[in-house]
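Topology and contacts: notes
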Amino acid sequence: MTRPSPPPAGLADPRYGSATITPHLLRYLTLVAAERGHDLGPALRRAGLSEGALSAVGGRISYRQGSSVIREALGSLGDPALGLAVGRRQRVTAWGLVGFGLLASPTLGHALDLGVRHHGVAGSMLDYRMEPVPGGAAVLARARYTDSGLRAFLLEEAFGSIVALVRDSLDGDFAPRAVAVRHARPSYGGAYEEWFRCPVRFGADDDRIEFGDDWLHRPVPSADAYALAQVVQLLDAARTRGRERQDLVEGLEVSVARGLPRVPPLAQQALARGMSERTLRRRLAGHGTTYEALVDSVRLVRAEELLTTGDLPLHTVAGLLGFSDARTLRRAVTRWFGTSPSAIRRAAGAARPRTVPAGLNGAGGPADTPRRTTSP
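Here we summarise the structure given alongside this text. (Residues numbered from 1 in each chain as written. Predicted model: local features only at pLDDT ≥ 70, side-chain atom pairs only at ≥ 80, totals over all residues. Heavy atoms only, no water.)

1. Topic: the overall build of the chain
To keep things clear, this is the line we draw: The numbering of helices and of strands both runs from the N terminus, where a helix is a DSSP run of H or I of at least 4 residues and a strand a run of E of at least 2. Categorising residues by exposure relies on relative accessible area from a 1.4 Å probe, with only protein chains included: less than 20% of the type maximum marks a residue as buried, more than 50% marks it as exposed, and the intermediate range marks it as partly exposed. Should any heavy atoms of two residues lie within 4.5 Å, those residues are considered in contact. All accessible-area figures derive from a Shrake-Rupley calculation using a 1.4 Å probe, and residue coverage is judged against the displayed protein chains alone.
Counting its secondary structure elements, the chain contains 17 helices and seven strands. Burial analysis of the chain (376 residues in total) assigns 54% to the buried set. Taking all contacts inside the chain whose residues are at least 6 apart in sequence as the whole, residues at least 24 apart take part in 73%. Of the roughly 16500 Å² of accessible surface on the chain, a fraction of 53% belongs to carbon and sulfur atoms.

2. Some remarks on the pattern of salt bridges
Pairing is possible between side chains that carry opposite charge, provided their charged atoms lie close to one another. How we decide: For salt bridges, the criterion is a side-chain nitrogen of Lys or Arg within 4 Å of an Asp or Glu carboxyl oxygen.
Following the criterion strictly, the structure yields 17 salt bridges and no others. Between arginine 151 and aspartate 207 there is a salt bridge, with the nearest N and O atoms lying 3.0 Å from each other. One end of the pair, arginine 151, is in helix α8 (residues 148-169); the other, aspartate 207, is in strand β7 (residues 207-212), and 56 residues separate them in sequence. Across the pair glutamate 292 and arginine 281 runs a salt bridge, and its minimum N-O distance is 3.3 Å. Residue glutamate 292 is located in helix α14 (residues 291-309), and its partner arginine 281 is located in helix α13 (residues 277-286); the two are separated by eleven residues in the primary sequence. The structure contains a network of salt bridges with shared partners spanning Arg129, Glu131, Arg177, Asp206, Arg208 and Glu210.

3. Comments concerning the side chain of glutamate 156
Counted only if it meets this: Asp and Glu count as negative and Lys and Arg as positive, but His and the ends of the chain are not part of the count. Side-chain atoms alone can form a polar contact between residues adjacent in sequence; in general such a contact is a pair of N or O atoms within 3.5 Å, and within protein one must be able to donate a hydrogen while the other accepts it.
Take glutamate 156: it is sitting in helix α8. Comment: no salt bridge for buried glutamate 156; closest opposite-charge side chain is arginine 151, at 9.5 Å. A polar side-chain atom of glutamate 156 sits 2.4 Å from a polar atom in the side chain of tyrosine 192. If near-sequence neighbours (up to four positions away) are discounted, glutamate 156 is found in contact with Pro80, Ala81, Gly83, Leu84, Ser161, His183, Tyr188 and Tyr192.

Note that all results are geometric; they support no functional claim without further evidence.
Structure follows, in structure tokens:
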């Protein structure tokens, strides 16, 4: 059985495990894998997901879950250019409401601006901004977490899907003016030029895809002002709900992580937020979760970090997570990952430095959190 590769060290930020991402990318990753005769069902289940969860309206996954499945797919399919393949496979409807907004936009420039503003609704695992450049504009991508092992895949999927959607909705002959990425040219670098049909610069200062004014001003054939207004209204509402959920859920998760090994009771969390315990439970239910599930998620992420980046005794790890003993920890790890703590440590590799994770102290304080940018 293919086991997930260990996560990058330092991803102890509890937000890494918060289910705030729509699963569009994983839907197409699963589709590409199936077309190649590979079932990602086991990888999804090991990440706590199901294929049904990927297609559920309003469903959300965490960055941890998404990255876990992507790593397994990269390992089992053996295709380093998998990100490009997933991006190329997508059509304008792959982005849901955002895709329909692109179709209804008056020009490609307006469509790109809408996509950047609402990329969170489309399930991006990167963050974006759009800026003017001489004779055009550029969409810049930035990693949400310091996760170098997946950055190339996520960039290839992102830029590849942008080009696929423009060709699908506007003109099959579309080509960006230029593409630049910070990583070195990979062995399959020729696939970049083949797909993007433009100059590609590797080892650049940032990650960007540029568009010339000739394309930015190109009218979208299916433009419809009334339909666009409807879609934007829905997207704005979805973004507001997403921010409310993110603020509440992530705030609670950070509080729990800082409190470990002691878990703050729900009543204390409610009081700190100026509401009753019943109201807090109701709001969490409205966002599709519970306080107990959030606590479980925080412990999962912290356990993953402790088990893959250090060699602390299991009873110590259990204590840092607020568990009564090592046996309780083993049961939780089996439920979370479908394997044992010792198997997780073996998978992390004997070559990994055997050190205590940064930021861990005798009182069980939280580890240093990775750099993270906030989605707009």
